[in-house]
Amino acid sequence: SDRDHEQSISAKIRRELPAEAVTVLKEWLLSEEHFTHPYPTNEDQAELMAKTGIDKKQLKNWFTNARRRIWKPLIKKQLDSTMAMEVDDPKASAEERLFAPGSVIDLERSR
């Protein structure tokens, strides 16, 4: 029937989160405090849901995707550039390199 057809089409529609919500979530993900462990606690989740107006399922889905699409590639890129930086400054800690001006994370934050 037409109704079934409509439903199957609407089921495939990707609902993008509001841009402001994505900004808040990205800031959390890329913050120095959370970057090394990008898994929001229940308290963090409640705060992020209140700030963004999205529900728990949307939040969990966003973080699952963001860790795969944003975080993991950044870690990989950062590791590659960290190897290069170690040669320049062997005394710098991994964390200092991670958030250094011009680092991959610094550049991603300013996008």
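In short, a report on the structure. Keep in mind that this is a model prediction, so the values were computed, not measured. (Residues numbered from 1 in each chain as written. Predicted model: local features only at pLDDT ≥ 70, side-chain atom pairs only at ≥ 80, totals over all residues. Heavy atoms only, no water.)

1. Observations concerning the packing of aromatic side chains
Applying the stated criterion across every chain yields a total of 3 aromatic pairs. Ring centres of phenylalanine 35 and tryptophan 71 lie 6.2 Å apart, and the angle between their planes is 55 degrees; on these two criteria the pair is classed as tilted. Taken together, the positions of phenylalanine 35 in helix α3 (residues 32–35) and tryptophan 71 in helix α5 (residues 56–88) put the pair 36 residues apart, joining distant regions of the chain. Grouping residues by exposure puts phenylalanine 35 and tryptophan 71 together as buried. Between the aromatic rings of tryptophan 62 and phenylalanine 63, the centroid separation amounts to 5.1 Å while the plane-to-plane angle is 85 degrees, which identifies the pairing as edge-to-face. The same class applies to tryptophan 62 and to phenylalanine 63, which are both buried. Connected via pairs of aromatic rings, a cluster forms that spans Trp28, Trp62 and Phe63. (Phe/Tyr/Trp six-rings, centres within 6.5 Å; stacked < 30°, edge-to-face > 60°. Helix = DSSP H or I, 4+ residues; strand = E, 2+ residues; numbered from the N terminus. Buried < 20%, exposed > 50% of the residue type's maximum accessible area, 1.4 Å probe, protein only.)

2. Some details on the environment of glutamate 20
With respect to the element layout, glutamate 20 can be found in helix α2 (residues 19–30). Note on glutamate 20: relative accessible area 58%, which makes it exposed.

3. Let's talk about the environment of leucine 79
Structurally, the position occupied by leucine 79 is in helix α5. Residue leucine 79 is classed as partly exposed on the basis of its relative accessible area of 46%.

4. Some words on the nonpolar core
Residues Leu25, Leu29, Phe35, Trp62, Phe63 and Ile70 are the most contacted members of the largest nonpolar core, which totals 19 residues. Of all the secondary structure elements, the ones that give two or more residues to this core are α2 and α5. In contact with phenylalanine 35, other than residues within four places in its own chain, are Leu29, Leu30, Trp71, Leu74, Ile75, Leu98, Phe99 and Ile105. (Core = buried A, V, L, I, M, F, W, Y, C linked by side-chain atoms within 4.5 Å. Contact = heavy atoms within 4.5 Å.)

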